[in-house]
Amino acid sequence: MSQDSQKKMYNRSFIIVGPIVHSKEITRLTVFDLGLIAVSDGKIVAVEETANVAQIQEKYSITDDFVYHLGDGEFVMPGFIDTHIHASQYPNAGLGYDMQLLDWLTTYTFPLEMKYSDLSFAEKVYEAVVKNTLANGTTTAMYFATIHFNSTVLLANIAADQNMNWNTPDGYGERTEDSYKLTEDFIIQLKDKKNDLILPIITPRFALSCDMELMKMLGELASRYDLHIQTHISENVHEVSAVKESFHDCTSYADVYDKARLLTNKTVLAHGVHLSDDELKVLAARGTAISHCPNSNTSLKSGLCDVRRLLNAGIKVGLGTDVSGGYSLSILNTIRNTLDVSIHVSFGKGEDYAPLTYHEAFYLATLGGARAVALGDKIGNFEVGKDFDALIVNMKSPGSTDILQKYDTDALVQKFLYTGDDRNITKVYVAGRQVK
Ligand code: GUN
Ligand code: ZN
């Protein structure tokens with residue numbers, strides 16, 4: 001297809017009519033049993049709680065062919081946001097959980113990541129990651145790649161071809177000047193491409209793999225280009241001790257990043273399982289988010305993260321699969337793990353402590369994730385002016401949970417969150433373009 005005709009299709013306006021589910025706030029889902037969403041040029045132009053299509057059709061000159069009515073058992077919801085995933089570690093998903101973080105990194109993870117100097121290897125993996133991530137309903141992903149420039153650019157290109165978000169370089173075994181220069185080259189390359197769905201992210205891997213000089217240089221680079229930052233924090237108790245030993249003049253793990261000017265309102269820190277109250281105060285004051293990765297925290301036996309405590313401290317929280325610390329790239333799986341871990345954390349805390357609800361987990365996976373990655377004004381729910389990043393869910397599709405009775409929309413959502421899988425995600429849209 002020529003670029004022109006592709007653009008024409010992309011610009012086409014359409015209306016989706018049927019049950020609509022999204023979050024406007026953390027505590028309760030917003031559900032319209034029968035509403036409509038109108039999309040033009042990739043953006044949402046109308047959201048209404050009625051199926052009064054004629055007026056909107058006329059206003060946007062949309063013919064009947066572009067009015068899609070959802071069937072029985074279907075609903076439309078925002079795409080999932082994965083705030084932390086290592087694209088390069090996908091081949092290891094499901095392997096290596098006999099070890100904890102630091103040994104796991106040297107035994108399983110670094111040897112795999114070294115293979116990304118081979119572009120054909122990188123291409124195979126990255127094609128599969130982007131395809132499977134989208135197929136599982138993730139429309140925005142905050143990817144870690146490896147230190148290899150060419151394969152990291154390849155990941156950005158593959159994501160751009162699929163119309164997906166995000167990307168990064170990171171650091172092991174490089175010289176400081178090289179790391180800095182390659183990072184800046186990468187930023188300039190992505191900026192030149194002028195694709196606002198693909199953003200470079202400053203990615204110091206974690207405090208144990210970067211010295212203060214490099215971290216400060218990367219903090220300065222993020223500030224100069226107004227970029228997002230991602231790294232890991234306080235995942236495992238042995239890691240926390242090692243950081244304290246390595247950075248004597250810092251008062252805490254969070255203080256290491258703060259001294260490097262890496263804690264901004266565009267920073268996402270993965271894990272945060274063992275943070276002190278003082279560290280939470282610093283993160284809240286900087287507007288820095290935590291990516292909660294329960295699948296990883298359990299698989300690598302890092303600990304149980306108390307998300308309620310983070311939220312009560314005023315910290316933005318999103319969900320992350322952390323492949324391959326986590327074994328599944330499905331955010332549906334992460335939602336279930338989030339709910340399970342929250343229940344485990346609640347045991348013994350008394351009746352005043354409320355474990356997370358599925359409403360809250362849905363928020364964290366969508367609008368909460370968007371806010372965590374500082375894109376809450378662009379994606380995360382159905383508001384006029386935002387990109388139409390959305391999933392059509394069909395709880396009646398073959399091979400999945402059969403509907404033996406008629407459920408209301410809220411019940412369909414619960415069933416999807418607890419029992420659904422990629423087979424129930426029949427269509428995926430990124431910025432109005434259908435990618436599944
Ligand atoms: N800390 C530093 N690197 C990593 C990584 O690749 N995965 C996880 N889970 N933690 C890390
Ligand atoms: Zn990670």
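The model shown is predicted, which means the values in this text are computed figures rather than measured ones.

**Concerning the site of ligand 1**
Then comes step 1: The environment of ligand 1 is made up of His 86, Gln 89, Leu 101, Trp 104, Leu 105, Arg 205, Phe 206, His 232, Glu 235, His 271 and Asp 322.
Then comes step 2: Glu 235 is positioned with one of its side-chain polar atoms (N or O) 2.7 Å from a nitrogen atom of ligand 1.
Then comes step 3: In this structure, a nitrogen atom belonging to ligand 1 sits 2.8 Å away from a side-chain N or O atom of Asp 322.
Then comes step 4: Relative to its free-state accessible area of 280 Å², ligand 1 is covered by the protein chains to the extent of 100%.
Then comes step 5: Looking at which element gives the most residues to the shell around ligand 1, the answer is helix H3 (residues 101-114), with 3 residues.

**So, the confidence of the model for the protein**
Then comes step 1: Residue-level pLDDT values for the protein average 93, and 93% of them are 70 or greater.
Then comes step 2: Within the protein, helix H1 (residues 3-11) has the poorest average pLDDT of any element, 50, and strand S12 (residues 317-319) the best, 99.
Then comes step 3: Of the regions scoring below 50 in pLDDT, residues 1-8 engages in 2 contacts with residues more than four places distant in sequence or in other chains.
Then comes step 4: Interface predicted TM-score (ipTM) for the complex: 0.99; the corresponding pTM is 0.95.

**A look at the side chain of Thr 133**
Then comes step 1: Tracing the backbone through its elements, the reader meets Thr 133 in helix H4 (residues 119-135).
Then comes step 2: Note on Thr 133: relative accessible area 0%, which makes it buried.
Then comes step 3: Within polar-contact distance, the side chain of Thr 133 engages the backbone oxygen of Val 129 at 2.5 Å.

**Let's talk about the packing of helix H13 (residues 331-346) against helix H14 (residues 358-365)**
Then comes step 1: Contact geometry of H13 with H14 gives a least axis separation of 10 Å together with a crossing angle of 135 degrees. The angle between the axes of H13 and H14 places the two elements in the oblique class. Between H13 and H14 lies a crossing of right-handed hand. Of H14, the residues touching H13 (which contributes Ile 331, Ile 335, Thr 338 and Leu 339) are Tyr 358, Ala 361, Leu 364 and Ala 365.
Then comes step 2: Residue classes in the contact of H13 with H14 are distributed as 7 nonpolar, 1 polar and no charged.

**What to know about empty space enclosed by the protein**
Then comes step 1: Tallying each qualifying case throughout the model produces 2 cavities of 30 Å³ or more.
Then comes step 2: Put simply, the second largest cavity is a space of about 90 Å³.
Then comes step 3: Lining the second largest cavity are His 86, Gln 89, Leu 101, Trp 104, Leu 105, Arg 205, Phe 206, His 232, Glu 235, His 271 and Asp 322.
Then comes step 4: Of the residues that constitute the lining of the second largest cavity, the class distribution is 4 nonpolar, 4 polar and 3 charged.

**A short note on the coordination of the zinc ion (ligand 2)**
Then comes step 1: Those donors, His 84 (NE2), His 86 (NE2), His 232 (NE2) and Asp 322 (OD), are the protein atoms that reach the zinc ion (ligand 2), and they lie 2.0 to 2.3 Å from it.
Then comes step 2: Considering all 4 donor atoms around the zinc ion (ligand 2), the spread of angles at the metal, 92 to 167 degrees, places the coordination shape in the irregular class.
Then comes step 3: Taken in sequence order, the residues that donate to the zinc ion (ligand 2) follow the motif H-x1-H-x145-H-x89-D. Of the two residues, His 86 is situated in strand S6 (residues 80-86) and His 232 in strand S9 (residues 228-233); the sequence distance between them amounts to 146 residues.
Then comes step 4: What makes His 86 buried here is its relative accessible area of 3%.
Then comes step 5: Residue classification places His 232 among the buried residues on the basis of a relative accessible area of 6%.

**What about unusual backbone geometry?**
Then comes step 1: For the bond from Val 323 to Ser 324, the omega torsion is 5 degrees, close enough to zero to count as cis.
Then comes step 2: With respect to the helices, strands and loops of the structure, Ser 324 is situated in the loop between S12 and H13.
Then comes step 3: If you check the backbone angles, Ser 234 has positive phi at about 45 degrees while not being a glycine.
Then comes step 4: Its place among the elements puts Ser 234 in the loop between S9 and helix H8 (237-246).

**Quick look at the environment of Leu 102**
Then comes step 1: Looking at where Leu 102 falls in the secondary structure, it is placed in helix H3.
Then comes step 2: Judged by relative accessible area, Leu 102 falls into the partly exposed class, the value being 29%.
Then comes step 3: Separated by 278 residues in the primary sequence, Leu 102 and Gly 380 have C-alpha atoms spaced 34 Å apart.
Then comes step 4: Dropping the residues within four chain positions of it, Leu 102 is found in contact with Phe 206, Leu 208, His 238 and Glu 239.

**Comments concerning the nonpolar core**
Across soluble globular proteins, nonpolar side chains show a tendency to be buried alongside one another.
Then comes step 1: One finds Phe 75, Phe 80, Met 215, Tyr 257, Ile 335 and Phe 416 to be the most contacted residues of the largest nonpolar core, which totals 71 residues.
Then comes step 2: Residues in contact with Tyr 257, not counting those within four places in the same chain, are Phe 206, Ala 207, Met 215, Thr 231, His 232, Ile 233, Leu 262, Leu 263 and Leu 269.
Then comes step 3: Residues Ile 85, Leu 134, Ala 145 and Leu 154 belong to the second largest nonpolar core, which totals 21 residues.

**Structural notes on the pairing of strand S7 (residues 138-144)**
Then comes step 1: In terms of residue burial, S7 counts as a mostly covered element, since 7 of its 7 residues are buried.
Then comes step 2: Pairing of S6 with S7, which is carried by 5 bridges, proceeds in the parallel orientation. Across the sheet, residue Phe 80 finds its bridge partner in S7, namely Thr 138.

**Some points on the pattern of salt bridges**
Then comes step 1: Within this structure, the stated rule accounts for 18 salt bridges.
Then comes step 2: The salt bridge involving Glu 220 is made with Arg 224; its shortest N-O contact spans 2.9 Å. On the criterion of helical spacing, the pair formed by Glu 220 and Arg 224 is a turn pair, its members being 4 residues apart in helix H7 (residues 212-225).
Then comes step 3: A salt bridge links Lys 259 to Asp 255; its shortest N-O distance comes to 2.6 Å. Here Asp 255 and Lys 259 lie together in helix H9 (residues 253-259), a separation of 4 residues that amounts to about one turn.
Then comes step 4: A network of salt bridges, in which partner residues are shared, links Lys 43, Lys 378 and Asp 387.

**A word on the packing of aromatic side chains**
The description of an aromatic ring pair rests on the distance of the ring centres and on the angle between the ring planes.
Then comes step 1: Applying the stated criterion across every chain, the model contains 12 aromatic pairs.
Then comes step 2: Look at Phe 80 and Phe 416: their rings are 6.5 Å apart centre to centre, the planes differ by 10 degrees, and that puts the pair in the stacked class. Here Phe 416 lies in helix H16 (residues 409-419) and Phe 80 lies in strand S6, a separation of 336 residues in the sequence. Each member of the pair, Phe 80 as well as Phe 416, carries the same accessibility label: buried.
Then comes step 3: Plain terms: the ring middles of Tyr 253 and Tyr 257 are 5.5 Å apart, the flat faces sit at 40 degrees to each other, and that makes the pair tilted. Here Tyr 253 and its partner Tyr 257 are both found in helix H9, 4 residues apart, which amounts to about one turn of the helix. Residue Tyr 253 shares its accessibility class with Tyr 257, and that shared class is buried.
Then comes step 4: An aromatic cluster of at least three residues, connected via ring pairs, comprises Phe 14, Tyr 68, Phe 382, Phe 388 and Tyr 429.
Then comes step 5: Above the ring of Tyr 353, the side-chain terminus of Lys 349 is found at 5.6 Å from the ring centroid.

What counts, and where the lines are drawn
Residues numbered from 1 in each chain as written. Chains lettered and ligands numbered in written order. Predicted model: local features only at pLDDT ≥ 70, side-chain atom pairs only at ≥ 80, totals over all residues. Heavy atoms only, no water. Near = heavy atom within 4 Å. Polar contact = N/O pair within 3.5 Å; in protein donor to acceptor, adjacent residues only side chain to side chain. Areas by Shrake-Rupley, 256 points an atom, 1.4 Å probe, with all protein chains shown as cover. Helix = DSSP H or I, 4+ residues; strand = E, 2+ residues; numbered from the N terminus. pLDDT = per-residue confidence, 0-100. Contact = heavy atoms within 4.5 Å. Buried < 20%, exposed > 50% of the residue type's maximum accessible area, 1.4 Å probe, protein only. Axes fitted to C-alpha atoms, helices over the stretch in contact; angles between N-to-C directions. Parallel < 35°, antiparallel > 145°, perpendicular 65-115°, else oblique. Left-handed = near helix turned anticlockwise from the far one by under 90°. Nonpolar A, V, L, I, M, F, W, Y, C, P; charged D, E, K, R; others polar. 1 Å grid on protein atoms, 1.4 Å probe; cavity = no way out; pocket = protein on both sides within 12 Å on 5 of 7 lines; lining within 4 Å. Points joined across faces, edges and corners; volume = space filled by probe spheres on them. Donors = N, O, S within 2.8 Å, 3.2 Å for Na, K, Ca; no water. Tetrahedral: all angles 85-135°; square planar, octahedral: opposite > 155°, others 65-115°. Core = buried A, V, L, I, M, F, W, Y, C linked by side-chain atoms within 4.5 Å. Pairing = 2+ DSSP bridges. Salt bridge = Lys/Arg side-chain N within 4 Å of Asp/Glu carboxyl O. Phe/Tyr/Trp six-rings, centres within 6.5 Å; stacked < 30°, edge-to-face > 60°. Lys NZ or Arg CZ within 6 Å of the ring centre and 35° of its normal.

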